[in-house]
Amino acid sequence: MDALLGIFALFALLVIGAPVALALLMSGALGLWLVGGSQLLVGILGTTAGSSIQGYEFATVPMFILMANFIISSRVSDDMFNIARVWMGRTPGGLAHATALTGAAFGAISGSSTAAAATLSATSIPGMLKQGYSPKLATGVAAISGTLSMLIPPSVAMIIYALLAELSVGRMLIAGVIPGILVSLTILATVAFLVWRNPEHAPAGERYTLREKIVATKSAWSFIFLFLMVTGVIYTGIATPTEASAFGAVGALFLAVLRRTPAKELIRAGVTTAQATCMIGFIIIGALVFGYFLTLSQVTQTIIDTLVNSGIPHIGIIIMLVFIYLILGCFMDIIAMLILTVPVVYPLILQLGYDPIWFAVVTIVMGEVGMVTPPLGMNAFVIAKYTNIPVGQIFEGSIPHVIAHLIAVALLIAFPELVLWLPNTMDG
Amino acid sequence: QETTLRLGSHLAATAPGVAEGSQVLADRIGELSGGNVKVDIFPGEQAGKALQMYDLVKAGAVDIGTVATGYVSSDKLPLIGVLELPGLASSTCAVTEAMFELGAEGGLIYENELKPNGIRVLAYMPYPPYGPAVSRRDIEQVSDLQGLKMRNAGGMMEHTVVALGGVPVKMSAPEVFQALQRGTIDSVLFSFLSVASYDLQTVAEHGTTGYSFGTPGDLLIMSERRFNSMSEDEQNALIEAGRDASMHWCSYVDQVESDHIEEMREAGLDLHVWTDEQVAELNEKTASVTEEWAAQLDGRGKPATEVIEAFRAALAD
Amino acid sequence: MPTPQTDPSPPSVLARASDLVDRALSAVEKGTLALAVLALFGIMVLIFIDGVLRYVANSPLTFVVDVVVLYLISAGFLLVLSYTLRHNGHIHVEVFADMMPKRLQRLLSGLAYLGAAPVVGIMAIEMIHLTLESYVQGEVLIGLYPMPLWLSKAIVAFSLAVLELRILHMGIFNTLSALTNRPRLAIRMSLPIDNPEEEMV
Ligand code: NA
Ligand code: NA
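In this convention, every chain numbers its residues from 1, walking through the sequence in written order. Each chain is given a letter, starting from A, and each ligand a number, starting from 1, according to the order in which they appear as written. Given that the model is predicted, a residue must reach a pLDDT of at least 70 before its local features are reported, and side-chain atom pairs must reach 80 or more before they are shown or counted; all residues, however, enter totals for whole chains, interfaces and linings. Where side-chain values are given, they derive from all heavy atoms of the structure, hydrogens and water being excluded.

### A look at helix α11 (residues 276-299) of chain B
All names here are of chain B.
(1) Moving on: The helix count covers DSSP runs of H or I at least four residues long, the strand count covers runs of E at least two residues long, and both are numbered beginning at the N terminus. An expected span of 1.5 Å times one less than the residue number is assigned to each helix. A rise of 1.5 Å per residue sets the reference length of α11, with its 24 residues, at 34 Å; its end C-alpha atoms lie 34 Å apart and thus fit the reference within 8%.
(2) Moving on: At any given residue, the bend is defined as the angle formed between two axes, one fitted to the seven residues that end at that position and one fitted to the seven that begin there. Of all the bends in α11, the greatest, near 45°, is centred on T286.
(3) Moving on: All of the buried residues along α11 are Q278, L282, T286, V289, T290, W293, A294 and L297.
(4) Moving on: Whether two residues touch is decided by their heavy atoms; if any such pair falls within 4.5 Å, the residues are in contact. Buried residues along α11 sit against α6 (156-163), β11 (270-273) and α12 (304-316).
(5) Moving on: The first or second residue beyond α11 is G301, which carries a positive phi of 80°. For every residue, the accessible area obtained with a 1.4 Å probe (protein chains only) is divided by the maximum for its type, and the residue is called buried under 20%, exposed over 50%, and partly exposed between those limits.

### Some thoughts on the coordination of the sodium ion (ligand 1)
Residue and element names in this part refer to chain A.
(1) Moving on: Protein coordination at the sodium ion (ligand 1) comes from G107 (O), S110 (O), S149 (O), I152 (O) and P154 (O), with a distance range of 2.2 to 2.4 Å.
(2) Moving on: All donors to the sodium ion (ligand 1) come from one chain, and their sequence spacing reads G-x2-S-x38-S-x2-I-x1-P. Here S110, found in the loop between α5 (94-107) and α6 (113-123), pairs with P154, found in the loop between α9 (148-151) and α10 (156-165); they are 44 residues apart in sequence, far enough to count as distant. Each metal site is built from N, O and S donor atoms within 2.8 Å (3.2 Å for Na, K and Ca), and since water is not included, such sites may look incomplete.

### Topic: the packing of helix α3 (residues 60-74) of chain A against helix α16 (residues 263-296) of chain A
Residues and elements named next belong to chain A.
(1) Moving on: Helix axes are fitted only over the stretch in contact, all axes being lines through C-alpha atoms; the angle between N-to-C directions runs from 0 to 180 degrees. Running from N to C, α3 and α16 point in directions that differ by 145°, and their axes come no closer than 9 Å. Between α3 and α16 lies a crossing of right-handed hand. For the pair formed by α3 and α16, the contact residues are V61, P62, I65, L66, N69, F70 and S73 on the first element and E265, L266, A269, G270, T272, T273, A276, T277 and I280 on the second.
(2) Moving on: Looking at side-chain class alone, the contact of α3 with α16 contains nine nonpolar, six polar and one charged residues. Definitions for this section: a left-handed crossing has its near helix turned counterclockwise from the far helix by less than a right angle. A right-handed crossing has that turn clockwise. Residues were grouped as follows: Ala, Val, Leu, Ile, Met, Phe, Trp, Tyr, Cys and Pro as nonpolar; Asp, Glu, Lys and Arg as charged; and all remaining residues, including Gly, as polar.

### Quick word on the packing of aromatic side chains
(1) Moving on: Pairing of aromatic rings covers Phe, Tyr and Trp, the last through its six-membered ring, and needs centres within 6.5 Å; plane angles under 30 degrees mean stacked, over 60 mean edge-to-face, and all others mean tilted. Scanning the model with the defined rule gives 20 aromatic pairs over all chains in all.
(2) Moving on: Judged by centre distance (5.8 Å) and plane angle (85°), the rings of F247(A) and F48(C) are edge-to-face. On the criterion of chain membership, the pair formed by F247(A) in helix α15 (residues 241-258) and F48(C) in helix α1 (residues 13-57) is interchain, its members lying in two chains.
(3) Moving on: Pairing F100(B) with Y124(B) gives two aromatic rings, centres 5.2 Å apart and planes at 80°, and the pair type is edge-to-face. Note that F100(B) is positioned in helix α4 (residues 92-103) and Y124(B) in strand β4 (residues 119-126), a separation of 24 residues in sequence.
(4) Moving on: The class for F100(B) is buried, based on a relative accessible area of 8%.

### Description of the pattern of salt bridges
(1) Moving on: Each salt bridge in this description consists of a side-chain nitrogen of Lys or Arg and a carboxyl oxygen of Asp or Glu lying within 4 Å of one another. In the structure shown here, the tally under the stated rule is 22 salt bridges over all chains.
(2) Moving on: Two residues, K115(B) and E111(B), come together in a salt bridge whose shortest N-O distance is 3.7 Å. Residue K115(B) and its partner E111(B) are both found in helix α5 (residues 108-117); the two are separated by four residues, about one turn of the helix.
(3) Moving on: K115(B) gets classed as partly exposed once you look at its relative accessible area, which sits at 48%.
(4) Moving on: E111(B) sits in the partly exposed class, given a relative accessible area of 34%.
(5) Moving on: A salt bridge links R166(C) to E29(C); its shortest N-O distance comes to 2.8 Å. A residue pair is termed long-range when its members are at least 10 positions apart, and R166(C) in helix α5 (residues 149-179) and E29(C) in helix α1 qualify at 137 residues.
(6) Moving on: For R166(C), a relative accessible area of 0% corresponds to the buried category.
(7) Moving on: Ionic contacts of the salt-bridge type, sharing partners, join the residues D22(C), E29(C), R86(C) and R166(C) into one network.

### Some details on the interface of chain A and chain B
(1) Moving on: With 21 residues of chain A in contact, the opposing surface of chain B contributes 21 residues.
(2) Moving on: Roughly 2,000 Å² of surface becomes buried between chain A and chain B when both sides are summed, with 52% attributable to carbon and sulfur atoms.
(3) Moving on: Between chain A and chain B we count one salt bridge in total.
(4) Moving on: The salt bridge involving E166(A) is made with K49(B); its shortest N-O contact spans 3.7 Å.
(5) Moving on: We call two N or O atoms a polar contact when they sit within 3.5 Å, provided that within protein one can donate a hydrogen and the other can accept it, with sequence-adjacent residues counted only if both atoms are side-chain atoms. Linking chain A with chain B are five residue pairs in polar contact (both at pLDDT 80 or more).
(6) Moving on: Contributing elements (two or more residues each) for the side of chain A that touches chain B: α2 (20-51) and α16 of chain A.
(7) Moving on: Looking at the side of chain A that touches chain B, the element that brings in the most residues is α2(A), giving seven residues.
(8) Moving on: The class makeup of the residues in the side of chain A that touches chain B is five nonpolar, 13 polar and three charged. Buried area counts how much accessible surface, traced with a 1.4 Å probe, disappears from two parts once they are put together, with both parts' losses summed.

### What about the UniProt feature "domain: TRAP C4-dicarboxylate transport system permease DctM subunit" (unreviewed entry) in chain A?
(1) Moving on: Taking the numbering used here, the UniProt-annotated feature "domain: TRAP C4-dicarboxylate transport system permease DctM subunit" (unreviewed entry) corresponds to residues 8-418 of chain A.
(2) Moving on: As a span, residues 8-418 of chain A carries 79% helix and 0% strand, and end to end its C-alpha atoms are 38 Å apart. UniProt positions are given in the numbering used here, feature names are shortened, and annotations may be inferred rather than shown by experiment.

### Side note on the nonpolar core
(1) Moving on: Only buried residues count toward a nonpolar core, which is a set of Ala, Val, Leu, Ile, Met, Phe, Trp, Tyr and Cys residues joined through side-chain atoms within 4.5 Å. Within the largest apolar cluster, 265 residues are counted, with the highest numbers of intra-cluster contacts made by L22(A), F359(A), V82(B) and F311(B).
(2) Moving on: No other element matches the 19 residues that α16(A) contributes to this core.
(3) Moving on: Setting aside chain neighbours within four positions, we find F359(A) in contact with Y161(A), I318(A), L321(A), Y325(A), V345(A) and I349(A).

### Remarks on the interface of chain C and chain A
(1) Moving on: Across the contact, 64 residues belong to chain C and 77 residues belong to chain A.
(2) Moving on: In this structure, the connection of chain C to chain A is made through one salt bridge.
(3) Moving on: The residue E243(A) makes a salt bridge to R54(C) at a minimum N-O spacing of 3.1 Å.
(4) Moving on: If you look at where chain C meets chain A, you find two residue pairs in polar contact (both at pLDDT 80 or more).
(5) Moving on: Listed by contribution, the elements that provide at least two residues to the side of chain C that touches chain A are α1, α2 (64-78), α3 (81-86), α4 (102-136) and α5 of chain C.
(6) Moving on: If one sorts the elements of the side of chain C that touches chain A by residue count, α1(C) sits on top with 13 residues.
(7) Moving on: Of the residues in the side of chain C that touches chain A, the class split is 46 nonpolar, 10 polar and eight charged.

### Looking at the sheet that holds strand β3 (residues 64-68) of chain B
Residues and elements named next belong to chain B.
(1) Moving on: Criterion used throughout: strands pair if DSSP finds at least two bridges between them. Taking strand neighbours across the sheet as the criterion, the five strands line up as β2-β1-β3-β10-β4 in an open arrangement whose pairing is mixed. The two strands at the open ends of the sheet, each matched to only one other strand, are β2 (37-42) and β4. Strand-to-strand, the axes of this sheet are offset by a mean angle of 25°, without reference to chain direction.
(2) Moving on: Sheet topology places β3 next to strand β10 (residues 217-223); five bridges connect them, and they run antiparallel. Each bridged residue has a counterpart across the sheet, and for A68 the counterpart in β10 is D218.

### Structural notes on the packing of α16(A) against α1(C)
(1) Moving on: At a minimum axis distance of 9 Å, the contact between α16(A) and α1(C) shows a crossing angle of 100°. For the element pair α16(A) / α1(C), the angle class is roughly perpendicular. Across the interface between the two elements, L266(A), G270(A), V271(A), T273(A), A274(A) and T277(A) from α16(A) touch L33(C), A36(C), V37(C), L40(C) and F41(C) from α1(C).
(2) Moving on: Residue composition of the contact of α16(A) with α1(C), grouped by class: eight nonpolar, three polar and no charged. Working definition: roughly parallel below 35 degrees, roughly antiparallel above 145 degrees, roughly perpendicular at 65 to 115 degrees, and oblique for all remaining angles.

### Looking at the sheet that holds strand β5 (residues 131-135) of chain B
Residues and elements named next belong to chain B.
(1) Moving on: One open sheet accounts for six strands, arranged β7-β6-β8-β5-β9-β11; its pairing is mixed. In this open sheet, the two edge strands, each paired with only one partner strand, are β7 (167-169) and β11. Between one strand and the next, the sheet's axes are offset by a mean angle of 30°, whatever the strand orientation.
(2) Moving on: Sheet analysis places strand β9 (residues 206-209) next to β11, joined by four bridges and oriented parallel.

### Quick look at helix α12 (residues 177-197) of chain A
All names here are of chain A.
(1) Moving on: The terminal C-alpha atoms of α12 lie 30 Å apart, and with 21 residues this matches the ideal 30 Å at 1.5 Å per residue to within 8%.
(2) Moving on: Buried within α12 we find P179, G180, L182, V183, S184, T186, I187, L188, T190, V191 and V195.
(3) Moving on: Along its buried surface, α12 packs onto α5, α8 (135-146), α9, α20 (356-370), α22 (391-414) and α23 (417-424).

### Observations concerning the state of the cysteines
Residue and element names in this part refer to chain B.
(1) Moving on: The disulfide definition used here is simple: a pair of cysteine sulfur atoms within 2.5 Å. Counted by the stated rule, this structure contains one disulfide over all chains.
(2) Moving on: Paired through a disulfide, C93 and C250 show a sulfur-sulfur distance of 2.0 Å. The sign of the 90° torsion about the S-S bond sets the C93-C250 disulfide as right-handed. With C93 in helix α4 and C250 in helix α10 (residues 232-266), the pair connects residues that are 157 residues apart, well separated along the chain.
(3) Moving on: For C250, a relative accessible area of 0% puts it in the buried group.

### Things to note about the UniProt feature "transmembrane region" (unreviewed entry) in chain C
(1) Moving on: According to UniProt, the "transmembrane region" (unreviewed entry) feature falls on residues 33-57, 63-86, 107-130 and 150-168 of chain C.
(2) Moving on: Measuring from the first to the last C-alpha atom of residues 150-168 of chain C gives 26 Å, for a span that is 100% helix and 0% strand.

Spelled out as structure tokens, the structure:
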């Protein structure tokens, strides 16, 4: 009964639009008070904020966000799109393919999905529209390609998952590499399919000579440099994820300075990072308090026992979870989605005998889907704001990609090795 | 009437510290109280982060808390830091017995530190003596420690590393494997119990044993307030169960430790056992560490010098 | 989009009081923002230098982990709690709230903040208590660098205290605004969507 009241309070507060962190704090506090009285409540409230984020690995969160912000301020994504565009040349739907490739490349050096969507809508959509692409095709591919940032390392969402579930940050990030490639290919295939069905939606682009292609590729060094500095370093174990994140931020700062980014922009990157970091810090504290309530009221164990002993085959429970994530993704941001579900889902996955890193990656891909599904698909809104294209059209343009993503998720569920093989080749 | 106590731990449910420690305590409390006192264990930081456990116990949010000695030896319970001093311990059981002598009612640590803080230690669960258990570089002489980058758990062990001419490095335990493999560190101050659980003997071919660089570990603590709220029979059951659990833990880890050392030596680990002369040399070089610790705490009004003497005497028994 | 409601009457005493509190808190928040940004740059620089020294010169900076964990992470994650709340930076689920009439929205948000006040208040007071205790006991890190532990707690306590004031401010005036039907009294915040690049996750 106490447990139900706490959970009900959480949903009520979320529905009226209270900040997720405060909703978790308040409902967790109510629940703890019901379970253990004021002593338990005051004890936990008084000590959680001071101890919740005191760990060296937490530094990866602001460092990767800072890195993403420096990269945006350096406008290096313009170069990346240019390379992809020139190489795609007259390929049918060339610019749409180039958008997906730029999304993947940008994702390999940035950990933030909305940042990627904003960047892509500024660099790729105007070009596609000018060339006569259908707005649905153009915005749909930009919206979904932006989400690759969360799957391809570095990824702030994955780091938060690892920190919440106390998984190895390094292994978690590396686990995103192959699924990231798979999902990138999925987007390319979806684009090819859409262009094949409606060639008029994607008129052909210009032809470029090999010489022009090579000249354009010259600027790729900065991207390769940053990628090696972060993911390369983590995979080979040369440095810890914490160190790699700081190296990445310094590298991105160096790049921004080299590209003559004004100091004002760099400070702005810092301010933006402080705000995003704090948002995450607050929500982690709220999640911990609520998590203590879930544990101490035994609600987590009850849910898990009920499911495990229900006779539903384990794979059925996994599919059910994927479906729940699809629905949650419609209404909330991926960070909120992770924070609210990981405390229950992570122990459940362990008890079902699956690898938690594998399911974390599946969850992240479902979170990507949520970024482009109505009514609350953050990337669709970002693009709508930048391009003045109605958000409904963008959601429509995303539908084929959502379907393709679900197929990719099915593949990841059927073949966990796609996720687990690469991190298992890491030492340690 | 049945009482249920909440026991919180930062250790995973499968960790030896739970299976051979908290769980033993819980079972013994059940037996000795004739089933009147039940203990619910919340492992894996489910009831509170490692850093907040001491405060949660004091506030009454958790009844029994697992507290890592390294987290309280700086601020809350500095005299417990005697466990981090070099050259004192021989075996885990000897350390456990000594801690009971100092930490039980009337003992130096109890009267000067636990009681004023309103805290009672039910069980002591130190790890086997730490040392440069495995190393990438050969260690045969005390002078071989010069310039060695050694991962340590911080606190007084940091001073010990410096006193021996090494370079102290701080990193979380799960990072040690890769750091050792890549040469980011040369050696790690650990017990062989930890070496085995992180598989470190596979990435470093040398090792040492025979000199304690400290015996950090976990304490199972309870607040005096909660303790006094229980009946006398229940209190006696808690005290006895705590002692039983501690002794079970120490004999378990002492056995496992020597098994590990034997297995690793057989598997080809180049293990150096410090000679008596070398132990004397190590003691001489690290004497300043113990002096500094005592001086610092004496200055804060804690009888650290007395505690060291009493601890030495108890170990000698 | 509903048409923005205008309030032609001159600002009341209440409205002026709200503005005054807002300006005072905003000044403090601006300071916390500067400190938080400095802390983040500090984390970047310290970890970078530590790493370079470790790999290139074989001599790590032993104090970096402690400085980052004890002070800079707390500062970077928590100092701007209040600033972020004021600028609508804490994520929330908007879909359902946006379907409600504006006045009801203000009432519910005001009541939610008032409900959060005791919770955050307990957190702040307990943390202040722990800070003072640590300060009086002279707790320092036992290690090569005896860093004061109270300062670490003080950063958290201060962040929570400023947040508590902001929550009280927004709770009281949003509730009053809804009860008296004066939109002018509510704390106006920009929607996060106005600045998508700043959402950043
Ligand atoms: Na990424
Ligand atoms: Na959505």
